[in-house]
Amino acid sequence: MGRSVQSPLTLFDSLPFGFAQVSIVPTPFGDAVHVSGQVAWDADRNIVGANDIGIQLKKSLENLATALASVGATLDQVGAIRLYIRQSHIDQGKAISDALMETFGDRPPCATWIGVPSLAREEFLIEVEPSIIFVARS
């Protein structure tokens with residue numbers, strides 16, 4: 001059996017753009033779950049938290065939780081995240097840290113913060129990409 005994909009209803013439909021929100025790849029150890037980078041878009045592609053990186057990160061993490069829930073996983077199973085931060089907002093570490101602490105509490109995943117000149121759309125200030133999640137096959 002090959003790769004399957006999920007498109008949770010509360011995330012924007014990415015398939016017309018040529019990529020899946022969630023991809024599940026069977027392995028001998030269970031299913032490897034890959035999740036596309038998540039941004040602060042709602043299902044209708046409206047930005048949440050325009051010009052506020054903290055609110056955008058919270059929405060991005062909420063979208064990540066939604067993507068994971070579509071395969072029966074949770075944020076607690078994320079071992080590491082990469083944060084792609086618009087260089088113009090890289091100095092807003094407190095807002096970023098506060099959003100991470102609010103979401104993960106005292107058990108955060110590992111994280112890499114990467115400053116980038118731009119993201120897919122001008123209004124995106126941050127994008128969250130999780131490490132691979134393994135889930136038991138049902």
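Residues numbered from 1 in each chain as written. Predicted model: local features only at pLDDT ≥ 70, side-chain atom pairs only at ≥ 80, totals over all residues. Heavy atoms only, no water.

As annotated in an unreviewed UniProt entry, the protein is RidA family protein from Bradyrhizobium zhanjiangense.

What am I meant to see in the layout of surface pockets here?
In this approach, a probe sized like a water molecule rolls over the atoms, and the result shows the empty space that is left. Here the largest pocket defines a volume of roughly 240 Å³. Phe12, Phe19, Val39, Trp41 and Phe124 are, among the 15 residues lining the largest pocket, the residues nearest its centre. Looking at the lining of the largest pocket, its residues break down into eight nonpolar, five polar and two charged. (1 Å grid on protein atoms, 1.4 Å probe; cavity = no way out; pocket = protein on both sides within 12 Å on 5 of 7 lines; lining within 4 Å. Points joined across faces, edges and corners; volume = space filled by probe spheres on them. Nonpolar A, V, L, I, M, F, W, Y, C, P; charged D, E, K, R; others polar.)

Could you clarify how one ought to interpret the side chain of Arg86 in this entry?
Among the structural elements, Arg86 can be located in strand 4 (residues 80–86). Within the structure, Arg86 has its side chain in polar contact with the backbone oxygen of Phe124 (distance 3.2 Å). With near-sequence residues (within four places) excluded, Arg86 lies in contact with Val116, Pro117, Ser118, Leu119, Glu122, Phe124 and Leu125. (Helix = DSSP H or I, 4+ residues; strand = E, 2+ residues; numbered from the N terminus. Polar contact = N/O pair within 3.5 Å; in protein donor to acceptor, adjacent residues only side chain to side chain. Contact = heavy atoms within 4.5 Å.)

Please explain the environment of Ser70 as it appears in this structure.
Inspection of the secondary structure puts Ser70 in the loop between helix 1 (53–69) and strand 4. When the C-alpha atoms of Ser70 and Pro8 are compared, they prove to be 6.2 Å apart, with 62 residues separating the residues in sequence. When neighbours within four sequence positions are excluded, Ser70 is seen to be in contact with Gln6, Pro8 and Val22. At a separation of 2.6 Å, a polar atom in the side chain of Ser70 contacts the main-chain carbonyl oxygen of Ala67.

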